[in-house]
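Fold and contact review
One-letter residues, chain by chain:
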Amino acid sequence: MVGSFAVHALVDAAGPIDTTNREAFPGASEDDWAAARALDPMAFGPDGVDGAWVLPFRAFVVIGPDDHVTIVDLGVGSSASPAAAWAPGPGELPEKLTALGIGASEVGTVVLTHLHEDHVGWVLGRAGLPMFGNAEHVIQAAEVAAVADERAIVEATVDPLRSFGLLRQVDGPVSLRPGIDLEPTPGHTVGHQSVWLTSGSETLLLTGDLLVHAVQLVAPSVAYAAEDDPVAATASRERMYAEARRRGASLATAHLTEAFVALP
Ligand SMILES: [Zn+2]
């Protein structure tokens, strides 16, 4: 619970990927790695920093206010999704939503923090149609523009959402509902956004890929090799960590072993 909001972290898929920890974060120092391993030992397999990066791919369900259902990010998706070629197995989000007692038609809002393959997997369900047919899908316009030449992503996200009238492009900070606010956090991608959840005295920051690994929690200036703009990404992390500390917020992360973490 975050005040009157119920927040559920759902792991769509999890496991090692074909990238070592060190390859993903080549600028991290041995001290950074030691701090990251203390905080999130499960991100490292038996071969440690030089072994595969082990991570979950997570979506967050937010219920409230007034029982409105919002999902933030949609995981790796089905065996037909763009991420299927490299993700550690097809996703299980539909079954996990069912287990929570939530039908796809009850979801009113989907927030996509960005349009990478591992965050948009369930835009389309197994039948190839939008899975959340009653939901507006909220994406920064800069992000939509940035992927215009990426056919596989556009065909799995922007095109079907647009043709079903489910695409809502926004430009900059937006308040979706009382206590649910979007803030642009560029760097990982051009149009990346994060989500503030505020209720009473409690605040949660749903980070998306503002950080992707514990090493970026202990050392915000450590770049991820796949970041679009490492300088902007570091600036976004430092700004948002400072604001989260000011607000006493914890973080809800897509890829750390623990869904909910405190800033160190
Ligand atoms: Zn990601």
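Just so we're clear, the structure is a prediction, and the values are computed from it rather than from any experiment. (Residues numbered from 1 in each chain as written. Predicted model: local features only at pLDDT ≥ 70, side-chain atom pairs only at ≥ 80, totals over all residues. Heavy atoms only, no water.)

1. Concerning the sheet that holds strand E11 (residues 250–253)
The strand order E7-E8-E9-E10-E11-E12 describes an open sheet built from six strands, whose pairing is mixed. What marks the edges here is a single partner per strand, and that holds for strand E7 (174–177) and strand E12 (260–261). Pairing of strand E9 (residues 193–199) with strand E10 (residues 202–208), which is carried by five bridges, proceeds in the antiparallel orientation. Residue Thr-198 lies in a different strand from E10, and its bridge partner there is Thr-203. (Pairing = 2+ DSSP bridges. Helix = DSSP H or I, 4+ residues; strand = E, 2+ residues; numbered from the N terminus.)

2. Describing the pairing of E9
Counting buried positions over the seven residues of E9 gives six, a clear majority of the element. As defined by bridge partners, strand E8 (residues 180–184) adjoins E9 across five bridges and the pair is classed as antiparallel. When the bridges of E9 are listed, Leu-182 appears paired with Val-195. Between E9 and E10, which pair antiparallel and follow one another directly, the connecting turn spans two residues, one of which, Gly-200, has a positive phi of 60 degrees. (Buried < 20%, exposed > 50% of the residue type's maximum accessible area, 1.4 Å probe, protein only.)

3. A short note on the UniProt feature "domain: Metallo-beta-lactamase" (unreviewed entry) in the chain
The UniProt feature table records "domain: Metallo-beta-lactamase" (unreviewed entry) at residues 57–255. Overall, residues 57–255 shows 24% helix and 26% strand. The separation of its end C-alpha atoms is 6 Å. (UniProt positions renumbered as here; feature names shortened; annotations may be inferred.)

4. Quick look at the coordination of the zinc ion
Donor atoms from the polypeptide that bind the zinc ion are Asp-118 (OD), His-119 (NE2), Asp-209 (OD) and His-255 (NE2), placed at 2.0 to 2.4 Å. Between the four donor atoms coordinating the zinc ion, the angles at the centre fall across 86 to 158 degrees, so the site counts as irregular. The sequence pattern describing where the donors of the zinc ion fall on their chain is D-H-x89-D-x45-H. Here Asp-209 lies in the loop between E10 and helix H7 (215–218) and Asp-118 lies in the loop between strand E4 (107–111) and strand E5 (136–140), a separation of 91 residues in the sequence. Asp-118 sits in the buried class, given a relative accessible area of 9%. Classification of Asp-209 as buried rests on a relative accessible area of 3%. (Donors = N, O, S within 2.8 Å, 3.2 Å for Na, K, Ca; no water. Tetrahedral: all angles 85-135°; square planar, octahedral: opposite > 155°, others 65-115°.)

5. A short note on the packing of aromatic side chains
By convention here, two paired aromatic rings are described through the distance between centres and the angle between planes. Applying the stated criterion to the full structure yields seven aromatic pairs. When the ring of Phe-25 is compared with that of Trp-53, the centres are 5.3 Å apart and the planes differ by 70 degrees; the resulting orientation is edge-to-face. Residue Phe-25 is found in the loop between helix H1 (21–24) and helix H2 (30–39), and its partner Trp-53 is found in strand E2 (residues 52–63); the two are separated by 28 residues along the sequence. The same class applies to Phe-25 as to Trp-53, namely buried. For the ring pair Trp-33 and Phe-44, a centre distance of 5.9 Å and an interplane angle of 85 degrees mean the geometry is edge-to-face. With Trp-33 in helix H2 and Phe-44 in the loop between H2 and E2, this residue pair connects regions lying 11 residues apart in the sequence. Each member of the pair Trp-33 and Phe-44 is classed as buried. Through a chain of ring-to-ring contacts, the aromatic side chains of Phe-25, Trp-33, Phe-44, Trp-53 and Tyr-224 assemble into a single cluster. Note that Arg-37 overlies the ring of Phe-44, its terminal NZ or CZ placed 5.1 Å from the centroid. Residue placement shows Arg-247 over the ring face of Trp-196; its charged tip is 3.9 Å from the ring centre. (Phe/Tyr/Trp six-rings, centres within 6.5 Å; stacked < 30°, edge-to-face > 60°. Lys NZ or Arg CZ within 6 Å of the ring centre and 35° of its normal.)

6. Looking at helix H3 (residues 93–100)
Buried residues of H3: Leu-93, Pro-94 and Leu-97, and no others. One face of H3 carries all of its buried residues, which in axial projection span an arc of 100 degrees. Set apart from the buried face of H3 by more than 90 degrees, the exposed residues are Thr-98 and Ala-99. Packed against the buried residues of H3 are strand E1 (6–20), E2 and strand E3 (69–72). Of the residues flanking the end of H3, it is Gly-101, one or two places downstream, whose phi is positive at about 85 degrees. (Arc of directions from axis to C-beta. Contact = heavy atoms within 4.5 Å.)

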